[in-house]
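The residues making up each chain are set out below.
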Amino acid sequence: MLDVNPHLDLCNYQFRVHVDASRVRPGNVPAHSVAGLWYELKSRHRLVDLTEGEGSMGGGGGHGETYKGFTIHHPKRWHVVTGKGLCAIMWAKQDGPVVLGWRHPWEGHGDHSHDHGHEHEDEICKVLQVGDELQKLQETLERIGGFLESAERKRLTDSDIGRWVRELKDVMYDADDVIDLCILKGARLLEGQPLASAVSFSFASPCSYFRCVKLRHQISSKIQGLNSRLKQIKEDRSILPRLEQVPQEHRASSRETSFLEVKTDVVGTQVEDDARNLIKLILENDKQKYRVFGIVGMGGIGKTTLARKIYNDEWIKENFPLRIWLYVSNNYLENQLLKEVIRCAGRDTDGFESTAALQTRVVSRLSTNSLIVLDDVWCADVWENLLRKPVMNGVGSSKIVVTTRDAGIARSMNACIYHVEQMDEESGWELLRKMALADGTEDEISTLKEIGVEIVKRCDGLPLAIKVIAGVLGKAEASKEAWEAVLRSDSWHMNQIDKEELPAALHLSYADLPSHLKPCFLYCSLYITYSISCHDLARAWVAEGFIRADDGERLMEDIAGDYYWELISRNLLQPDPRSMDGDRCTMHDILRSLAHFFMEGEGILFNDGARLHTSPLTKVRRLSIVNVGERLQLPEVILKQNCLRTLILHDSPTTRMVNDVHVRLEHLRVLHLSDSCIEGLPDSIGKLLHLRYLDLDRTNIRRIPESIGSLANLQTLNIAECKCLDQLPKSIMMLRSLRCLRLKRTPLTHLPKGISKLENLITLGGLIIGCGEYATGPDEGCQLEELRSLSKLRYVRIHNLERTVEGGGEVLANKPFLKRLLLSWGNQAPVWQEQMQRAEETCNSLCPPPSVRELNIKEFPYQRFPIWFRSASVDACFPNLSYLMLSHFASCAELPPLGRLPKLKFLSIREADAVVTIGPEILGHIPPGAAAFPKLEVMQFVDMRNWELWSSCMTEEDGDGERLRLLPNLQKCYLIDCPKLRAVPGGLRRATRLKLLKIRSNHSLAEIMNLAFLDELHVNSNQGLQRISNLPSLRYLAISDCPQMVCVENLDSLQHLVLECSPSTEHIPRWLPLLMEQHRSEGASFKKFELQCSLPLLESCRRNEANWDVVQQIPEVRVRTKDGSRFIWYTKDPQLYSTNAGSA
């Protein structure tokens, strides 16, 4: 099938068609010429046998071009081909023709008489008018679209303009559907498929022809109706004279953005002061079982920021072994919150349990001192009726921190209330300066300060508003004129906005958005989960038609990624701090409210069971439902309007059935059912012809119906982590528009044959080779050879490579865009020599293309890595490889020459049981003056059970007597569970940028010495470790469960020491006073000491006890027992001493 995807830009109101031109170009014939059009038709001879003839039917009277007896009518870009009873409608693009629909009226009728043809001449002529009508529709939309930006600015203050915009959008949505159907039905005719099925084809009866004519009548009538409605809108003389025509253009970001540029830690000095004051209150010694602290303030004032500062404070971490963060919101689910408490306490919550049972499990987990943050509380019931009793009955004591806008809620929880005040002007200016002028010169900062302070005043002291306005200013020129334009903007004065709920600064930030970003921002508000995947967002934006394809070869998903980062850079979305690469984000509740305001009912967040209030003038296009019961039942007004394009379920873990609601939602483009208990889809799912995005991740679905093959527009199918699904229907291979198939961790036995037909796949998250032991037929399952035709892949996971049969070699070579690749074998490695040889040959032919950036090889069963991976020219094979993960390979004793990889940033090697020594082979041949591992930043060796030595060859000179440069950019190194490793790799001594070294469960390691550049060292459960010495740059040292340690010395720069002793230890280690004495003699002293120990050892550290002399020499000391129940805090200046252990 042709990859023909209509795109209706709701901001610019222009039709665009994305075409896979490579499928329609006929050899060397110019695709844009008449010959090209003709050749394309003729190549479809299985439907109609075209021969050269005489004359033409429906001549264009000078408007057509004749070729081989056929007339090509081309009113601008819409082409109509007629002749010999053949009619075709085409869209002409520069890169090739797209046939929307075509038909030979005599096909399959037996009687080919000319008289019979004239009998249907009227119907055919009406079909031929579609091109003209579509052209007229496009031209009208382009003329009206120029006024849209002006209308968008004025619609909130002018009800007539608001009505005009709604009417125009209604036409556009309807036009989108009509064009969608036109292309879909035409493409199916072109492929020889019936209109109602994607499985079989037959034009054997006259009924099929009449259905075709009827369909085209319907489409033609709909387009004519749209043109009539547009004519009325265009001729509304009361509106257009009041609007300014603005050229529509794509406003790209003024600079590239990335996660590293987003300064999520920028907060004002007031927040720091507030945090210190609250921490002091929380840490006060009291005998209460629990105590509640309420952080109260208006939306956007920084309540969550303050709570996060408290939650992450080092003193808090030391005194509360268990910390729990619960995002509550207005739509919380009781059982979900209780399960989150249990998960935070380190336990799984598989299965559905009653609230009472979960509360009992929470009690058992609150066995130590805990800090519980309840963020964004709208009702005191979450405390009074759900969490208070478990906290009361837990063994440990708890401190509860609540953030809420309503002081009454905090009072009803008997909280100690702390009001967050608005930022003062100076703090506000400092925050604005840091975010908008991070790279500004002193002259720029001085020039813009006066205007900046005025802008801060307009933000009413709200940090969120200041951050968002900084996003606007960051896109503007750093000049007085540009900043004054922002200050004078009319968007500060929006009478319809409640300025306490939605500050005017936020409206200005929305008004400043380029038109292509506005619908994307609004759409984000439909996701109420704390964290949103940028990949899911991007694919949903593409499905909704928000993404405008550029003139190059970039994927729409990549363009959507640019949109995402621009919203991040404008502070309208915030990166999830738990996401290291920025691929997840959050949305502040005030910004979500702002988006809901501007959606004006087109998009609604709806709590199931509540009454849905909609305006009769507004059609609901997008619906996000929270807390759906066992059966999904949509409000009747939604079903009656039948306009829904997006349906998202949130927090609905009990929802099991969706029934046939799809029948009345025929315009759906996005259907998001993830994390529910859906067990199946109705057969009617196949009627959702517009559906582009279907998300069933983490559901209980057991069967996907065969009718899914009818979804010719489906681009994304997510069925990851569906633990009850073991097979896919064969019809899934009919989804020719599919771009993403996500199957990760779903226990499928096999994939149906035919994956090679899905030539538009970009993401294939789980290609299973062959079939499992429960296969029902010998022809089931895919083989590697099917990958050959999938040349557009960017990301693929290939599993069960041990099932590969002959063939399939070099199937990755033609993947020039492949970026991420996983190769995985199972536990059925070949046992016969012939099988082994054949399997290794296949493996050697699986060389990834040079474009690969991330490579993951798992459970490799052979004794040698593939040739392409152990080649001396591995650097030429993988010039872009940045992330490499090798895990679970039991037979390979020698590692590849990874040191030659020029862009490798991350290396992880796990469970390499055959590796005993790592020597110079890992470096390969390094040319003189070059470096080994030149870009490597993170290196991990984990579960290396037999690894003993990193060879000394690693530090020797090269063949020319020149010292090798090793690991010049290494920053973090992890040596975890390597019980036979006898020494720290010598190459680390040459790692000049090494900041962090973590060593755990390396029981044969006796010493860590002579790492001149190391900044931070963690050693844990190393039973044989005796000595840490000569680390002159070390600033942070954490030692836990190293019972043989006898010497810690020559740590000249040490600032922070953390020591965790075993429960049986009753004395301070002997090396500690010696280390302190060494520091004193050199005129230095570390500033902070933390000790976790037994109660007797803690008591010996109290004032006037045996170890008090040690404690009082250190500026800051924190001592606590293993269970956190007893503590000592001491600071030297200002002097502070506090303990709950015995008498002070």
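All values derive from a computational prediction rather than experimental measurement.

Here we take up the overall build of the protein chain. Across its full length, the protein chain carries 30 helices and 45 strands. For the protein chain, buried positions account for 57% of its 1144 residues. Put simply, of all contacts in the protein chain between residues at least 6 apart along the chain, 59% involve residues at least 24 apart. Surface summary for the protein chain: the accessible area is close to 48200 Å², and the carbon and sulfur share equals 47%.

Quick look at the sheet that holds strand 40 (residues 1047-1049) now. Hydrogen bonds between backbone atoms are what pair the strands of a sheet, whose relative direction is either parallel or antiparallel. Strand order in this open sheet of three strands is 36-38-40, and the pairing throughout is parallel. Every interior strand has two partners, whereas the edge strands, strand 36 (1007-1009) and strand 40, have only one. If you compare each strand with its neighbour and ignore which way they point, the axes differ by 5 degrees on average. Looking at chain direction, strand 36 and strand 38 (residues 1027-1029) are connected through three bridges and run parallel.

A separate point is the environment of Leu374. Following the sequence through the fold, Leu374 ends up in strand 10 (residues 370-375). A residue is classified by how much of its surface remains accessible, and Leu374, at 0% relative accessible area, is buried. Distance in space between the C-alpha atoms of Leu374 and Thr404 is 8.9 Å, their sequence separation being 30 residues. Sequence-distant contacts of Leu374, defined by excluding residues within four places in its chain, comprise Leu326, Val328, Leu387, Ile400, Val401, Val402, Thr403 and Met413.

Looking now at the sheet that holds strand 8 (residues 290-296). Pairing within the open sheet is parallel, and its five strands lie in the order 9-10-11-8-12. Edge positions in the sheet fall to strand 9 (322-327) and strand 12 (416-419), since each has one partner strand and no second. Mean inter-strand twist for the sheet, computed between neighbouring axes without regard to direction, equals 15 degrees. Across five bridges, strand 10 lies against strand 11 (residues 398-404) in parallel orientation. Looking at the pairing, Leu374 lines up with Val402 of strand 11. Packed on one face of the sheet, helix 13 (residues 381-393) meets strand 8, strand 9, strand 10 and strand 11 and runs near 140 degrees to strand 8.

Looking now at the nonpolar core. Among the nonpolar cores identified, the biggest contains 159 residues, and Leu647, Ile755, Leu787, Ile798, Phe869 and Ile1028 are the most heavily contacted of them. It is helix 28 (residues 1071-1081) that contributes the most residues to this core, four residues altogether. Core analysis: the second largest hydrophobic core is formed by 92 residues, Leu371, Ala436, Leu517 and Trp565 among them.

A word on helix 17 (residues 463-475). In this model, helix 17 (13 residues) spans 19 Å end to end at C-alpha, consistent with the 18 Å of a helix rising 1.5 Å per residue. Among the 13 residues that make up helix 17, twelve are buried, leaving the element largely enclosed by the rest of the structure. Turning to helix 17, its buried residues number three or more, namely Pro463, Leu464, Ala465, Ile466, Lys467, Val468, Ile469, Ala470, Gly471, Val472, Leu473 and Lys475.

Attention now moves to the pairing of strand 34 (residues 972-976). Burial of strand 34 is extensive: four of the five residues sit out of reach of the surface. Of the strand pairs in this sheet, strand 31 (residues 938-942) and strand 34 are connected by five bridges, and their pairing is parallel. In the sheet register, Phe941 faces strand 34, and the bridge partner there is Leu975. Relative to strand 35 (residues 996-1000), strand 34 runs parallel, the two being bridged by five bridges. Within strand 35, the residue paired with Ile976 across the bridge is Arg1000.

Moving on to the confidence of the model for the protein chain. For the protein chain, the average pLDDT comes to 77, and 76% of its residues sit at 70 or higher. When the elements of the protein chain are averaged for pLDDT, strand 2 (residues 15-19) gives the smallest value, 29, and strand 21 (residues 716-718) the largest, 97. Note on residues 954-961: pLDDT under 50 across the span, and 16 contacts to partners over four residues away in sequence or across chains.

Turning our eyes to something else, we now look at the pattern of salt bridges. When charged atoms on two side chains of opposite charge get close, those side chains can pair. All told, the structure shown has 36 salt bridges when counted by the stated rule. The partner of Arg343 in a salt bridge is Glu340, with the nearest N and O atoms 3.0 Å apart. Here Arg343 and its partner Glu340 are both found in helix 11 (residues 334-344), three residues apart, which amounts to about one turn of the helix. Across the pair Arg945 and Asp913 runs a salt bridge, and its minimum N-O distance is 2.6 Å. Of the two residues, Arg945 sits in the loop between strand 31 and strand 32 (949-950) while Asp913 sits in the loop between strand 28 (906-910) and strand 29 (917-918), which places them 32 residues apart along the sequence. Judged by relative accessible area, which is 47%, Arg945 ranks as partly exposed. Taken together, the shared-partner salt bridges in this structure form one network comprising Asp176, Asp177, Glu544, Glu602, Arg622, Arg645 and Arg669.

Inspection of every chain in the model, using the stated rule, returns zero disulfides. The structure places no disulfide on Cys677, whose sulfur is separated from the nearest cysteine sulfur, that of Cys724, by 9.2 Å. Its sulfur unpaired, Cys1093 is 6.0 Å from the next cysteine sulfur, which belongs to Cys1101.

Evaluated as defined, the whole model comprises 25 aromatic pairs. Linked through ring pairs, Trp825, Phe860, Tyr862, Phe865, Trp868, Phe869, Phe878 and Phe889 together constitute an aromatic cluster. Directly above the ring of Tyr795 sits Arg820, whose terminal nitrogen or CZ lies 4.1 Å from the centroid. Over the ring of Trp315 we find Arg1118; its NZ or CZ atom is 3.8 Å from the centre of that ring.

This paragraph deals with helix 18 (residues 480-487). Within the sequence span of helix 18, burial applies to Ala482, Trp483, Val486 and Leu487. In a view along the axis of helix 18, the buried residues occupy a sector of 145 degrees, so they form one face of it.

Our focus in this paragraph is the pairing of strand 28. Note: strand 27 (residues 883-887) against strand 28, five bridges, orientation parallel. Residue pairing in the sheet places Leu884 in a bridge with Leu907 of strand 28. The pairing of strand 28 with strand 31 spans five bridges and is parallel. Note that in strand 31 the partner of Ile909 across the bridge is Phe941.

Backbone geometry at His888 places phi at a positive 60 degrees, although glycine is not the residue there. With respect to the helices and strands, the residue His888 is situated in the loop between strand 27 and strand 28.

Here we take up the packing of helix 15 (residues 425-436) against helix 16 (residues 442-458). Where helix 15 contacts helix 16, the axes come no closer than 9 Å and their chain directions differ by 120 degrees. One way to sum up the angle between helix 15 and helix 16 is to call them oblique. For the element pair helix 15 and helix 16, the recorded crossing hand is right-handed. When helix 15 is examined against helix 16, the residues Glu425, Glu426, Gly428, Trp429, Leu432 and Arg433 are found in contact with a partner set consisting of Ile445, Leu448, Lys449, Gly452, Val453, Val456 and Lys457. Grouping the amino acids of the contact of helix 15 with helix 16 by side-chain chemistry returns six nonpolar, two polar and five charged.

For any two helices packed against each other, the geometry comes down to the angle between their axes and how far apart the axes lie. With their axes 9 Å apart at the nearest point, helix 15 and helix 17 run at an angle of 35 degrees to one another. At the point where helix 15 passes helix 17, the crossing takes the right-handed sense. Counted together, Gly428, Leu431, Leu432, Met435 and Ala436 of helix 15 and Pro463, Ile466, Lys467, Ile469, Ala470, Leu473 and Gly474 of helix 17 form the full contact between these two elements. Here the contact of helix 15 with helix 17 is composed, by residue class, of nine nonpolar, two polar and one charged.

Parameters at a glance
Residues numbered from 1 in each chain as written. Predicted model: local features only at pLDDT ≥ 70, side-chain atom pairs only at ≥ 80, totals over all residues. Heavy atoms only, no water. Helix = DSSP H or I, 4+ residues; strand = E, 2+ residues; numbered from the N terminus. Buried < 20%, exposed > 50% of the residue type's maximum accessible area, 1.4 Å probe, protein only. Contact = heavy atoms within 4.5 Å. Areas by Shrake-Rupley, 256 points an atom, 1.4 Å probe, with all protein chains shown as cover. Pairing = 2+ DSSP bridges. Axes fitted to C-alpha atoms, helices over the stretch in contact; angles between N-to-C directions. Core = buried A, V, L, I, M, F, W, Y, C linked by side-chain atoms within 4.5 Å. Expected span 1.5 Å × (residues − 1). pLDDT = per-residue confidence, 0-100. Salt bridge = Lys/Arg side-chain N within 4 Å of Asp/Glu carboxyl O. Disulfide = S-S within 2.5 Å. Phe/Tyr/Trp six-rings, centres within 6.5 Å; stacked < 30°, edge-to-face > 60°. Lys NZ or Arg CZ within 6 Å of the ring centre and 35° of its normal. Arc of directions from axis to C-beta. Parallel < 35°, antiparallel > 145°, perpendicular 65-115°, else oblique. Left-handed = near helix turned anticlockwise from the far one by under 90°. Nonpolar A, V, L, I, M, F, W, Y, C, P; charged D, E, K, R; others polar.

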